[in-house]
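Reading the structure
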Amino acid sequence: MKVENLELETFLAKNNISADEWNSSDIEWQTLRDIGIDHQSKVEQRKETAELFARIIQRCSKVHSVRWRVKDPEHLMEKIVRKTINDANSFNSDYVGINKDNYHEIITDLVGIRALHLFKDDCLEIDSYLCGIWNTKEKPTYYVRDGDETKDELEQFDVKPHPAGYRSLHYVFESQPLNQIVYTEVQVRTIFEEGWSEIDHKIRYPNFSDNPQISYFLRIFNRLAGSADEMGSFVKELVNEFESTARDLEAVKKENEAFKKENDKNIAEIDRLFNELDSSNGKHQSQADLVKDLKAEVEKLKAQTQNSADKPHVIRFSTGSGKTTTSAQLVKLLAQYQIDAEAEQKPKRPTVKPKSVKKA
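Reference entry: report on the structure contained in this document. None of the values given here were measured: they were computed from a predicted structure. (Residues numbered from 1 in each chain as written. Predicted model: local features only at pLDDT ≥ 70, side-chain atom pairs only at ≥ 80, totals over all residues. Heavy atoms only, no water.)

Side note on the overall build of the protein
Counting its secondary structure elements, the protein contains 11 helices and 7 strands. Here the protein, with 360 residues, has 36% of them falling under the buried criterion. Counting contacts in the protein only where the partners sit at least 6 residues apart, residues at least 24 apart contribute 68% of the total. Here the protein displays about 22,700 Å² of accessible surface, and carbon together with sulfur accounts for 50% of that area. (Helix = DSSP H or I, 4+ residues; strand = E, 2+ residues; numbered from the N terminus. Buried < 20%, exposed > 50% of the residue type's maximum accessible area, 1.4 Å probe, protein only. Contact = heavy atoms within 4.5 Å. Areas by Shrake-Rupley, 256 points an atom, 1.4 Å probe, with all protein chains shown as cover.)

Quick look at the structure:
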């Protein structure tokens, strides 16, 4: 129905507003009707604003899906009435003096957007994305449940417990697509929170908002939705941990492959040195025994390398100090041994004593 054809009695009946509530409100019917007519005439224009916001928000990688709506004219009129009822819980002094010319500056949800995401922590990246595009009219509000722990990274929000018990981020963004400033309310929440809030609203209104039994079971449902969010975040962290472990294992595998390659190179060098030692002449028995021991240790090293390439191997060679010697160190040791052996094999120059000179 067009607002211009709407009668006061019909409006009150359709929106469950009693005569006492109407009489206690600070709004005249003609003023309220003018607001409704003006908004109805701008619905299509405001739909274009909503569609623009939705398209831009959907580009954020952390946003799963976007919903939008432009406030229904009669719902707008009902909201104004309830916000202007003196001494009511819903009374808001900002609405005093509202009229056709200023209602779009007072009411911030004429255009409403809901950005839904999968995991709780996604909201922080979405926050950076949104605030990098639009100016906020006021500090964003982060609604939490009673008992929720608030983190340090939420300091940029006005954190409040929500009376209905759901978690949601609320923004009011300012834009001016044509000749008039339009405020758009953007709500950011998880899919589980969206599902619960939709069911909660559908069941409560208009007839069961104060029913204690309905409220009790909806609170249980609320906790289940919250637990589902927590489980989703846990599974996400679990997957991240598995992926991190897999990367670490791959790095260790590559490191061990590089070690095996280096170890094989060192073993080849050890074999070369042994061949040179075997071909040398004039070795003492102690040298032969040492070479024999070295060969035995190298054979152990080869066996270890062939049996497992998953971890570095070392050999223990008795050098008198009890230190552990790797294959690379063994190469150096053998090389030095070869130098020492060759030095020992060189013939020593005889010592020549100076002749004594006899005195005449």
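Now, onward.
Considering the pattern of salt bridges
Working definition: two side chains of opposite charge can pair if their charged atoms are close together. In this structure the tally under the stated criterion is 19 salt bridges. For E74, the salt bridge goes to K14, with nearest N and O atoms at 3.0 Å. Of this pair, E74 sits in helix α5 (residues 73-83) while K14 sits in helix α1 (residues 8-14), placing them 60 residues apart in sequence. Residue E74 is classed as buried on the basis of its relative accessible area of 10%. Judged by its relative accessible area of 48%, K14 is partly exposed. Note that R69 is salt-bridged to D109, the shortest N-O span being 3.7 Å. Taken together, the positions of R69 in strand β1 (residues 65-70) and D109 in the loop between α6 (103-106) and β2 (111-117) put the pair 40 residues apart, joining distant regions of the chain. A relative accessible area of 8% places D109 in the buried class. One network of salt bridges, with partners in common, ties together R67, R114, R189 and E194. (Salt bridge = Lys/Arg side-chain N within 4 Å of Asp/Glu carboxyl O.)

Concerning the nonpolar core
Of all hydrophobic cores here, the largest spans 27 residues; its most connected members are I57, I113, L130, Y171, V186 and V188. Of all elements in the fold, only α4 (43-58), β1, β2, α7 (122-131), β4 (141-144), β6 (168-175) and β7 (182-190) reach the threshold of two or more residues within this core. When near neighbours in sequence (up to four residues on either side) are disregarded, I57 contacts V63, V66, I113, A115, Y129, L130, W134 and V186. One finds L12, W22, L76 and V81 within the second-largest nonpolar core, a separate group that totals 21 residues. (Core = buried A, V, L, I, M, F, W, Y, C linked by side-chain atoms within 4.5 Å.)

Regarding the packing of helix α3 (residues 29-41) against α5
Across the interface, α3 lies against α5 with an axial gap of 9 Å and an inter-helix angle of 145°. For α3 against α5, the interelement crossing comes out right-handed. Seen from α3, the contacting residues are W29, L32, R33, I35, G36, H39 and Q40; seen from α5, they are P73, L76, M77, I80 and V81. Residues belonging to the contact of α3 with α5 are distributed by class as follows: 8 nonpolar, 3 polar and 1 charged. (Axes fitted to C-alpha atoms, helices over the stretch in contact; angles between N-to-C directions. Left-handed = near helix turned anticlockwise from the far one by under 90°. Nonpolar A, V, L, I, M, F, W, Y, C, P; charged D, E, K, R; others polar.)

Here we look at the packing of aromatic side chains
Scanning all chains against the criterion turns up 6 aromatic pairs. Residues F53 and W134 carry aromatic rings whose centres are separated by 4.2 Å and whose planes lie at 15° to one another, so their mutual orientation is stacked. Here F53 is found in helix α4, whereas its partner W134 is found in the loop between α7 and β3 (135-136), with 81 residues between them in sequence. Neither F53 nor W134 differs from the other in exposure class; each is buried. Aromatic pair Y171 and F173: ring centres 5.3 Å apart, planes at 10°, arrangement stacked. According to the relative accessible area criterion, Y171 is buried, its value standing at 1%. F173 sits in the buried class, given a relative accessible area of 0%. Here a set of aromatic residues connected by ring pairs shows up, and it is made of F53, W134, Y171 and F173. (Phe/Tyr/Trp six-rings, centres within 6.5 Å; stacked < 30°, edge-to-face > 60°.)

Quick word on α5
Within α5, the full set of buried residues consists of P73, E74, L76, M77, I80 and V81. Down the axis of α5, the buried set is contained in an arc of 155°. They therefore lie on one face. Buried-residue contacts for α5 involve α1, α2 (19-24), α3, α4 and α6. The distance from a side-chain oxygen at the start of α5 to the backbone nitrogen of E74 is 3.1 Å, and the residue carrying that oxygen is D72. (Arc of directions from axis to C-beta. Polar contact = N/O pair within 3.5 Å; in protein donor to acceptor, adjacent residues only side chain to side chain.)

Topic: the environment of M231
Along the chain, M231 falls in helix α9 (residues 212-279). In the structure, M231 is positioned 112 residues away from F119 in sequence and 9.5 Å away in space, judged by C-alpha atoms.

Section: α7
The set of residues buried in α7 consists of D122, C123, I126, D127 and L130. Across the axial projection of α7, the buried residues extend over an arc of 140°, all falling on one side.

Describing the environment of S90
Mapped onto the elements of the fold, S90 is located in the loop between α5 and α6. C-alpha of S90 to C-alpha of K79: the two residues are 11 residues apart in sequence and 9.2 Å apart in space. Discounting residues that sit within four places of it in the chain, S90 has contacts with R82 and K83. A distance of 2.6 Å separates the side chain of S90 from the backbone oxygen of R82, its partner in a polar contact.

Considering the side chain of H39
Examined against the element boundaries, H39 turns out to sit in helix α3. A distance of 2.6 Å separates a polar atom in the side chain of H39 from the backbone oxygen of K71. Discounting chain neighbours no more than four positions away, the residues touching H39 are R46, V70, K71, D72, P73, L76, Y103 and L110.

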